[in-house]
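# Secondary and tertiary structure notes
One letter stands for each residue in the lines below.
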Amino acid sequence: MSTTTSPPVPGARAVPGPGAAARRRPSFSGPRLQRVLLLVLLTTAAALVALAFMLPTVWMLLGSLRPGSQVISSVSPLGWHTLVPETWTLENYAALFGQLGFGRSMANSLWVALWSVVIGLALSIPAAYVLSVLRFRGREAVFAVLVVGFMIPFEAIAIPLAQVFTEWNLNNTYLGLILPGIGNGLAIFNMRQFFLGVPISLREAALIDGASELRIMTRLYVPLSVTTIINSALLIFLAQWSSYLWPLLVISDQAKQVAPIAIARTFTDTEFNFGQMFGGALLISVVPAVLLLLLQRYFAQSVARSGEK
Amino acid sequence: MKRSTTIGVGLVLGAVLTTSACGGGADSAAGGGDGDWVIPSTDPTATIDVVGIVDPVSEGMDEVVAAFEADHPTIDVNYQYVPFDDLNSVLDSRITSKTGDPDLFWVDQPRVPALAARGYLEDLTAQFSPHTGALQEATVAASTYQDKLWSLPISNSTQLLYYNLDLLEAAGVEPPSTDPAERITWQQLKEDAATVQAEGGAANGLLLGQPNRYYQLEPLPVSAGGGVGATGEDNLTPAVDNEGWVESMTYYGSLFEDGVHPRGIPAEQTNATFLAGDTAYMVEGNWMVGKLADSDLNWGAALNPVWEGGEPATPNGSWSVGINPFSQDKEAAAVFLKWLALDGESGYAEHRPYAELPANLAGLEAYLAGPAFTGSEAGQQAAEVIAHETANTSVPRVSTVGYIEFEEILGRAFSDIANGSDPQGALQGAQQELVNAWQQYQ
Amino acid sequence: MTTVTAPDASTARPGRRRARGLGTILVFLAPAVLAILLLRIVPFVGAVRSTLFTREGVGLLAEERFSGLANYVTLFSDELFRETLVRTLVFNLVLNPLQIALAMLVALLLTQRLPARGLWRTAVFIPCTIPLVGSSIAWGVALRPDGPANGILSALGIGPQPFFTSPSQALVSIMVVASWVGIGYWMLFLIAGLNDIGEEFYEAAALDGAGRWRTFWSITLPMMRRPLLFVLVADTVANFVLFVPVQLLTNGGPENSTTLLMFDAYRRTYTYSTPNLGATSTVVLTLIMLLIVAVQFRLLRDRD
């Protein structure tokens, strides 16, 4: 990609210096009014896009705050009450946390997803590192195996795999839920793509200074790739967080059941509680959404590039 | 170094392949059941795993289990709820792993032949056949395949014609009757529904509780003389494109074409739509009675419609419970099964607060004496209809090993017809698809 | 890990360095590769093997018998399956570029210095955090012929649309649901890529007097090659294996217009309990994906 002109400080966690802001100024030159107008225009566009994506969610949220069947009775004709409930109630959430045991299921889901992220990253980061910085015979073959790995539709292997797990006595264990989530070829692929963009000169300089590969990976590549690692973590997290078929096959103990299955309890073959179901679906979405919002500050402007001025 | 990596990976690969091959099991095609057990007179001490589609809390299955454990303290029941749509996947995975978990499981009655043919069900004929007199005959028939009893029915169902009395009165339309001599016809119903839309301000004329499902629509072709959909030995010759089917399905399509029945409303939204109060008529199962009794709708119930010039027909059937042939505790499982379906009013009907229509005769009697059926005139109408239809007009769904494909393929044809496809073409397509799908059973 | 004292590294003999390299490769790579082999590849090899067998009878307990390519013949002689194949390809050829273009557009917008940027990003991202079961059902209600979506369209002067009830609109409606879920997700990865483009490149372009459009084509897009390859491949895979909305909203209809390959495979495996045919359908699906992904890797390969 780009070549650096001067050797950077190896392993240093570079931060944009005070000069960075000053250098940006030229791109913001031009008439002040035009700049403000553009900002207003772009912000409006952003808000509209956000609204378009949020509208169905907001409708689901308001639906979860009305009594059970009103979700359907209010859809037609379209009016103010299609969106805003006539009667506000928390009964759906009370039922979710009460009789449906949603709190326990959410805690199980969180436990499983977090461990999957921890173990998954511990496996993926070194793999991605080796695949992007070291040259060795068979590298392409290994990478191809990983790519094929994430292409295989999980539904196609779920039943045979569940039978193997039964033999290994992993039924009704958290480990049985966590294991299928840890080998995530997509996460490795994602990080490899980013690691390839880190200037090779950084690593060479560190090697000359005698740093080990482990040190270079943890002190140089990981800090430079925070955004990508967060994305990979979210990738693993969401895959586990929304997993439905697998927990159904390996968990029969209600106390270990996960949240997506609890949602299925809001409908039977003749009963359907839309309010509860929307509420449950949104509760499940809250955790990753809040995580992303909190992690926004790491989505900063390129750290990698500012290290090579 | 590099070669040893390859070898290492190869070894692990080989090891796992072997394990999974054993697990996949090509050893025994026949079920594990040897039938060499009896319903014990004294309770064994055991824990049994049960998989069902009834929610432990919101539908009261926990109370059923607690009542059983109080009656039979040495048997522990580990009940697992599985969503209706996923029951098949779970059974495929668990039963074929041959560990005997679950010992007992819920069986959709029309699927009894299919599950029996797959070796998923223990033959219960020797143990339970002598006791089936306590159960409604139609439900026992639905749990039987090739003269063997494969499960015990715990519930049944029927359909009623509900109506919104306020809307009918506003349009000046006479409510349909509960008198078998004056049963309304499908043709008349469509006309009346259109009238209530025009004169009474109803948004929807008619709603079927489960649009596009065979269970719901079966009475139409049967009543029109087209039969249940399959003929021949073991019901493996599809017959869904004859005159009775085409005529009745043309009628079905016209309900949507003429705007009497709204398009695009799936089964899970119909009840709430009717309860919203702007629908004139609804044909729906007995489970609607409780919901209507709890609502403030001014409703009534009548006999199912009949095809003009045809014989009345109503659907039936619901859930049975069967024993896994690989179960390690068949005797304990049998004790639970007997208690659930046979003892007294049947433990399931007696202890489940929001019960379905019991398959047990004593249970049915007690059920129809409940407050939802005695508290109002409409409730009494419903009780009258249910008693008459279950005893006189119910027609079981087609009994065939190929039921799963049948239901799926017909469902798509019905859905296409509702969305405007040519009924004859859709049915002929389904007929051809069925011929292909059933080849594996010939 | 080997501990190395600093001055040694440069003076070490090449042989030792290579051995160390191999050890590193093994230790770093083996756990992930093993996990993927054991939990994905090996079961899949089992599935591929099962496509060469048919059952003596029905169901998973029936005995298997080697039958060569009989399952493939069964599938490919079925006209409905061939139609499904074509439909799946068209679906992906239309949807994938569209989704990525839109995700790119949103990513570009939300990497501008805007007030409350994190909030807008989260809003776009939220749909992919909602379980697909829930959002599919919600869309099903929203797109009912008498539902709120048609209410809005009518208010805008556009007549009501049949959506899932029409053979010509059902697949497009599925695409809308899939995009509502997918765009925010892919946006995240594109944002990460956009953030990685150094400010100095834009400055250089500005000095050259390049407009926004030219900057995008000559700076942004080429620099986004790696993240784009990732998103392209991942999005392709995600859309090829998508089936939950189909299962819940249209069940493949009307007139099979929404029967996609993964839904077909799922139905054969889980609804019909014919695992061998289901696996065959899956293998066909995976082969197609492999082919397409191989092309994508070639098109966007690193040129260094």
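Everything numeric here is computed off the predicted structure, so don't read it as measured data.

## A few points about the overall build of chain B
- Across its full length, chain B holds 20 helices and 17 strands.
- Here the C-alpha radius of gyration of chain B, 24 Å, is about what a compact globule of 442 residues would show, namely 22 Å.
- By principal-axis analysis of the C-alpha atoms, chain B measures approximately 85 × 55 × 45 Å.
- Sorting the 442 residues of chain B into buried and exposed places 58% on the buried side.
- Contacts in chain B between residues at least 24 apart in sequence constitute 78% of all its contacts with a sequence separation of at least 6.

## Remarks on the overall build of chain C
- Helix and strand counts for chain C come out as 14 helices and 2 strands.
- In terms of overall dimensions, chain C is more spread out than a globule: its C-alpha atoms have a radius of gyration of 25 Å, far above the 19 Å expected for 304 residues.
- With 304 residues in all, chain C has 52% of them scored as buried.
- Taking the intrachain contacts of chain C between residues at least 6 apart in sequence as the baseline, contacts between residues at least 24 apart amount to 65%.

## Some details on the interface of chain B and chain C
- Counting residues at the interface gives 37 residues for chain B and 35 residues for chain C.
- In terms of residue count, helix α1 (residues 2-24) of chain B provides more of the side of chain B that touches chain C than any other element does, 9 residues in total.
- Partitioned by chemical class, the residues of the side of chain B that touches chain C number 15 nonpolar, 14 polar and 8 charged.

## Some remarks on the nonpolar core
- Counting residues in hydrophobic clusters, the biggest one holds 310 residues, and the most contacted among them are B:Phe336, C:Met187 and C:Met262.
- Residues contacting B:Phe336, with those up to four places away along its chain left out, are B:Ile48, B:Phe68, B:Ile75, B:Val77 and B:Leu104.

## What to know about the sheet that holds strand β9 (residues 204-208) of chain B
Residue and element names in this part refer to chain B.
- The strand order across the open sheet formed by 4 strands is β9-β12-β8-β13, and the pairing between neighbours is mixed. Here the strands that pair on one side only, and so sit at the sheet edges, are β9 and β13 (299-302). Here the average twist between neighbouring strands, direction ignored, is 20°.
- Note that β9 and strand β12 (residues 279-285) share 4 bridges and pair parallel. Note on β12: the bridge partner recorded for Leu-206 is Tyr-281.
- Each of β8 (159-164) and β13 is contacted by helix α18 (residues 377-392), which is oriented at about 15° to β13, the strand it contacts most.

## Some words on helix α7 (residues 139-151) of chain A
- Taking 1.5 Å of rise per residue, the 13 residues of α7(A) would be expected to cover 18 Å, and the 19 Å separating its terminal C-alpha atoms lies within 8% of that figure.
- Of all the positions in α7(A), only A:Val142, A:Leu146, A:Val147, A:Gly149, A:Phe150 and A:Met151 are classed as buried.

## Some words on the domain arrangement of chain B
All names here are of chain B.
- Each assigned domain of chain B is listed here: domain 1 (3-21 + 34-155 + 318-368) and domain 2 (159-315 + 396-441).
- For domain 1 and domain 2, the distance between their C-alpha centres works out to 31 Å.
- Between domain 1 and domain 2, the residue contacts involve 12 residues of the former and 10 residues of the latter.
- Elements supplying a minimum of two residues to the side of domain 1 that touches domain 2: α4 (112-117) and α6 (137-142).
- Classifying every residue of the side of domain 1 that touches domain 2 by side-chain character gives 10 nonpolar, no polar and 2 charged.

## Re the sheet that holds strand β15 (residues 319-323) of chain B
Residue and element names in this part refer to chain B.
- Strand order in the open sheet made by the 5 strands is β2-β1-β3-β15-β6, with mixed pairing throughout. Since the sheet does not close on itself, it has two edges, and those belong to β2 (75-81) and β6 (152-153), each with one partner.
- Bridge count for strand β1 (residues 46-52) against β2 is 7 bridges, and the pairing is parallel. From the neighbouring strand, Val-50 faces β2, where its bridge partner is Tyr-79.
- Along the sheet, helix α2 (residues 61-71) contacts β1 and β2; its crossing angle with β2, the most-contacted strand, is approximately 170°.

## Section: the interface of chain C and chain A
- Across the boundary between the two partners, chain C contributes 93 residues, which contact 90 residues of chain A.
- Among the elements that make up the side of chain C that touches chain A, the one with the highest residue count is helix α2 (residues 14-50) of chain C (17 residues).
- Residues that form the side of chain C that touches chain A fall into these classes: 64 nonpolar, 20 polar and 9 charged.

## Remarks on unusual backbone geometry
- With omega at 0°, the peptide bond leading from B:Asp101 into B:Pro102 counts as cis.
- Along the chain, C:Gly253 connects to C:Pro254 via a cis peptide bond; the corresponding omega equals -20°.
- Tracing the backbone through its elements, the reader meets C:Pro254 in the loop between α12 (244-250) and α13 (261-271).
- Phi angles above zero are rare outside glycine, and B:Ser346 is one such case at about 80°.
- Mapped onto the elements of the fold, B:Ser346 is located in the loop between α14 (330-341) and α15 (347-351).
- Since 29 C-beta atoms lie within 10 Å of it, B:Ser346 is described here as buried.

## What to know about the pairing of β15(B)
Residues and elements named next belong to chain B.
- Summarising burial for β15: 5 of the 5 residues are buried, a large majority.
- Neither face of β15 is open: one carries Trp-319, Val-321 and Ile-323, the other Ser-320 and Gly-322, and all of them are buried.
- Relative to β15, β6 is paired through 2 bridges, and the arrangement is antiparallel. In the sheet register, Pro-153 faces β15, and the bridge partner there is Ser-320.

## Some thoughts on the confidence of the model for chain C
Residue and element names in this part refer to chain C.
- Averaged over every residue, the pLDDT of chain C is 87; residues scoring 70 or more account for 92%.
- Mean pLDDT values for the elements of chain C range from 39 in helix α1 (residues 6-11) up to 95 in helix α4 (residues 79-109).
- Contacts of residues 1-15 to residues separated by more than four positions or lying in other chains number 16 contacts, the stretch itself having pLDDT below 50.

## A short note on the environment of B:Lys338
Residues and elements named next belong to chain B.
- Within the secondary structure, Lys-338 is located in helix α14.
- It is 24 Å that separates the C-alpha atoms of Lys-338 and Ala-391, two residues lying 53 residues apart in sequence.
- Apart from the residues lying within four places of it in its own chain, the contact partners of Lys-338 are Ile-39 and Asp-343.

## Details of the confidence of the model for chain B
All names here are of chain B.
- Predicted confidence across chain B gives a mean pLDDT of 89, with 92% of residues reaching 70 or more.
- Mean pLDDT across the elements of chain B bottoms out in α1 (42) and peaks in helix α11 (residues 243-257) (97).
- In the predicted structure, residues 1-31 sits below a pLDDT of 50 and forms 39 contacts with residues beyond four places in sequence or in another chain.

## Quick look at the packing of helix α6 (residues 102-133) of chain A against helix α12 (residues 213-224) of chain A
Residue and element names in this part refer to chain A.
- Closest axis-to-axis distance for the α6/α12 pair is 11 Å, and the angle between their directions is 90°. With respect to α12, the element α6 is oriented roughly perpendicular. Between α6 and α12, the contacting residues are Ile-125, Pro-126 and Tyr-129 on the first element and Met-217, Tyr-221 and Val-222 on the second.
- When its residues are assigned to classes, the contact of α6 with α12 shows 6 nonpolar, no polar and no charged.

## Thoughts on helix α12 (residues 267-275) of chain B
- Counting buried residues in α12(B) gives 8 out of 9 residues, a clear majority hidden from the surface.
- Taken residue by residue, α12(B) has B:Glu268, B:Gln269, B:Thr270, B:Asn271, B:Ala272, B:Thr273, B:Phe274 and B:Leu275 as its buried positions.
- In this structure, the buried residues of α12(B) make contact with α3 (70-73) of chain A, β9, β12 and α13 (288-294) of chain B together with α6 (132-142) of chain C.

## Overview of the packing of α7(A) against helix α10 (residues 185-195) of chain A
All names here are of chain A.
- Between α7 and α10, whose axes approach to 8 Å, the crossing angle comes to 130°. As summarised for this structure, α7 and α10 are arranged oblique, according to the angle between their axes. Residues Leu-146, Val-147, Gly-149 and Phe-150 of α7 touch α10, and the partners they reach there are Gly-185, Leu-186, Ile-188 and Phe-189.
- In the contact of α7 with α10, the residues fall into 6 nonpolar, 2 polar and no charged.

Reading the values: rules and limits
Residues numbered from 1 in each chain as written. Chains lettered and ligands numbered in written order. Predicted model: local features only at pLDDT ≥ 70, side-chain atom pairs only at ≥ 80, totals over all residues. Helix = DSSP H or I, 4+ residues; strand = E, 2+ residues; numbered from the N terminus. Rg over C-alpha atoms; globule rule 2.2 N^0.38 Å. Buried ≥ 20, exposed ≤ 12 C-beta atoms within 10 Å, placed from the backbone. Contact = placed C-beta atoms within 7 Å. Nonpolar A, V, L, I, M, F, W, Y, C, P; charged D, E, K, R; others polar. Core = buried A, V, L, I, M, F, W, Y, C linked by C-beta atoms within 7 Å. Pairing = 2+ DSSP bridges. Axes fitted to C-alpha atoms, helices over the stretch in contact; angles between N-to-C directions. Expected span 1.5 Å × (residues − 1). Domains from an automatic or database assignment. pLDDT = per-residue confidence, 0-100. Parallel < 35°, antiparallel > 145°, perpendicular 65-115°, else oblique.

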